Amino acid sequence: TAPLSNDDPDLDPEAGYDTGLSVTEGSLAGSKILYNTANAVPPTVGPINEVPELPADAGTPLGAPINLQPPAVSETPVKLLLPCRDLTSQENLNVQVYAGDRWVKAYHEDGTVTSEAQGWVAPVNSSVTAAETDDQVPMVEVKTYQNTAVQLVENQSQDKGGDQKHVLSCFITTLLAP
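Residues numbered from 1 in each chain as written. Predicted model: local features only at pLDDT ≥ 70, side-chain atom pairs only at ≥ 80, totals over all residues. Heavy atoms only, no water.

Novice: Is there a simple way to think about the overall build of the chain in this case?
Specialist: Broken down by element type, the chain carries zero helices and 15 strands. Looking at the chain as a whole, 49% of its 178 residues qualify as buried. Within the chain, contacts between residues at least 6 apart in sequence are counted, and of these 62% link residues at least 24 apart. On the chain, roughly 9,100 Å² of surface is accessible, and the fraction owed to carbon and sulfur atoms is 47%. (Helix = DSSP H or I, 4+ residues; strand = E, 2+ residues; numbered from the N terminus. Buried < 20%, exposed > 50% of the residue type's maximum accessible area, 1.4 Å probe, protein only. Contact = heavy atoms within 4.5 Å. Areas by Shrake-Rupley, 256 points an atom, 1.4 Å probe, with all protein chains shown as cover.)

Spelled out as structure tokens, the structure:
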């Protein structure tokens, strides 16, 4: 990781995000962690091998999970900007958060927090920034009150009577289109 420069366009001191880190290597390269310096413990990226395995019914992982460390709670949620690579169908994008003892779906389609993720994540208004050019990767925004693991997943589509239906699992689906 590397500290973000003070002029990084994703920093927003008025909203409480006055500093942050950028992941510079590995499968999480391009991810950003934005936070408030008033938080008691600044977050870092922990080892991926410490993250519990995502259950098969949660969907297909999109990249590696991000593991925020050390365990801590923040008054101002930590904002994650995660690259959304390898998504085959934008309708199937979902965000999973590790809630202490299990993985749970973080958001409903409208951006509100699921009951299982209450206290772990904060609502977001617009979670995906669409790629402006073909060489850019869309970024998914997640806000978490607790340093924990977050995983982007693609749910599997389900076939019901020959009519394919998608599991619409996250409100970011329509925002992903460039």
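There's more to say after this.
Novice: How do you make sense of the packing of aromatic side chains when you look at a structure like this?
Specialist: Within the structure shown, the criterion is met by one aromatic pair. A centroid spacing of 5.5 Å and a plane angle of 70° characterise the contact between tyrosine 98 and tryptophan 103, whose relative ring orientation is edge-to-face. Given a relative accessible area of 11%, tryptophan 103 falls into the buried group. The side chain of lysine 79 reaches across the aromatic face of tyrosine 17, ending 5.0 Å from its centre. (Phe/Tyr/Trp six-rings, centres within 6.5 Å; stacked < 30°, edge-to-face > 60°. Lys NZ or Arg CZ within 6 Å of the ring centre and 35° of its normal.)

Novice: What exactly am I supposed to notice about the pattern of salt bridges here?
Specialist: Opposite charge on two side chains makes pairing possible when the charged atoms of those side chains draw close. As enumerated under the stated definition, the model contains four salt bridges in all. With its nearest N and O atoms 2.9 Å apart, the salt bridge here joins aspartate 8 to lysine 32. Of this pair, aspartate 8 sits in the loop between β1 (2-3) and β2 (19-22) while lysine 32 sits in strand β3 (residues 32-35), placing them 24 residues apart in sequence. Looking at lysine 32, the relative accessible area reads 15%, which means it is buried. For lysine 32, the salt bridge goes to aspartate 10, with nearest N and O atoms at 2.7 Å. Remark: aspartate 10 occurs in the loop between β1 and β2 and lysine 32 occurs in strand β3; sequence separation between them is 22 residues. Residue classification places aspartate 10 among the partly exposed positions, given a relative accessible area of 29%. Linked by salt bridges that have partners in common, Asp8, Asp10 and Lys32 make up one network. (Salt bridge = Lys/Arg side-chain N within 4 Å of Asp/Glu carboxyl O.)

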